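Coordinate analysis (summary)
Okay, here's what each chain looks like letter by letter:
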Amino acid sequence: QVQLVESGGGLVQAGGSLRLSCAASGSIFSINAMGWYRQAPGKQRELVAAITSIGSTNYADSVKGRFTISRGSAKNSVYLQMNSLKPEDAAVYYCNADRVLTPVGRHDYWGQGTQVTVSS
């Protein structure tokens, strides 16, 4: 069983910064990519940023230049540094592990979500 545990959400003023962390645990042979998604009330879940096992990154246009995604040295963790936060960044942020190879096959996994609130 693979688990993703997130941390780092909270309340911040507009213009401030937060750093989200996500660690995957379990019987993991490899992870194709890890990323962060977010879902605001009444909206669909959207990709914020993703990073592959070889370090290629992809960002939503709305966060380019403000957010930075990175992976830990063990490759089973991912971080999202969020700077210059705006009220429209407020959402529940979910960690995703894409095509995780385990003894029972290859699956995607999600974290439980962490709330980011940005006050104006």
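Here's a quick rundown of the structure. (Residues numbered from 1 in each chain as written. Predicted model: local features only at pLDDT ≥ 70, side-chain atom pairs only at ≥ 80, totals over all residues. Heavy atoms only, no water.)

**A closer look at the overall build of the chain**
In terms of regular secondary structure, the chain is built from zero helices and eleven strands. For 120 residues, the compact-globule estimate of 2.2 N^0.38 gives 14 Å, and the C-alpha radius of gyration of the chain, at 14 Å, lies within 12% of that figure. Scored against the burial criterion, the 120 residues of the chain give a buried share of 42%. Pairs at least 24 residues apart make up 55% of the contacts formed inside the chain by residues separated by at least 6 positions. Carbon and sulfur atoms make up 48% of the accessible area of the chain, which amounts to about 6,300 Å² in all. (Helix = DSSP H or I, 4+ residues; strand = E, 2+ residues; numbered from the N terminus. Rg over C-alpha atoms; globule rule 2.2 N^0.38 Å. Buried < 20%, exposed > 50% of the residue type's maximum accessible area, 1.4 Å probe, protein only. Contact = heavy atoms within 4.5 Å. Areas by Shrake-Rupley, 256 points an atom, 1.4 Å probe, with all protein chains shown as cover.)

**Re the environment of Val118**
By the secondary structure assignment, Val118 is in strand β11 (residues 114-119). According to the relative accessible area criterion, Val118 is buried, its value standing at 9%. When sequence neighbours within four positions are dropped, the list of residues in contact with Val118 reads Val12, Gln13, Ala14, Leu85, Lys86, Pro87, Asp89 and Ala90.

**Focus on the nonpolar core**
The biggest cluster of nonpolar side chains holds 32 residues, and the ones touching the most others in it are Met34, Trp36, Leu80, Met82 and Tyr93. Contributing elements (two or more residues each) for this core: β3 (18-25), β4 (30-39), β5 (46-52), β7 (67-71), β8 (77-82), β9 (91-102) and β11. The element that contributes the greatest number of residues to this core is β9, accounting for five residues. (Core = buried A, V, L, I, M, F, W, Y, C linked by side-chain atoms within 4.5 Å.)

**Examining the packing of aromatic side chains**
For the structure on display, the rule yields one aromatic pair. We note Arg45 situated over the ring of Tyr94; from NZ or CZ to the ring centre the distance is 3.7 Å. Between the NZ or CZ atom of Arg45 and the centre of the ring of Trp110, over which it lies, the distance is 4.7 Å. (Phe/Tyr/Trp six-rings, centres within 6.5 Å; stacked < 30°, edge-to-face > 60°. Lys NZ or Arg CZ within 6 Å of the ring centre and 35° of its normal.)

**Description of the pairing of β5**
Sheet topology note: the β4/β5 ladder contains six bridges and is antiparallel. Paired with Trp36 across the strands is Ala49, a residue of β5. The hairpin turn running from β4 into β5, its antiparallel successor, is six residues long, and Gly42 in that turn takes a positive phi close to 80 degrees. Relative to strand β6 (residues 57-59), β5 is paired through three bridges, and the arrangement is antiparallel. Residue pairing in the sheet places Ile51 in a bridge with Thr57 of β6. The antiparallel hairpin formed by β5 and β6 contains four residues in its connecting segment, where Gly55 sits at a positive phi of about 95 degrees. (Pairing = 2+ DSSP bridges.)

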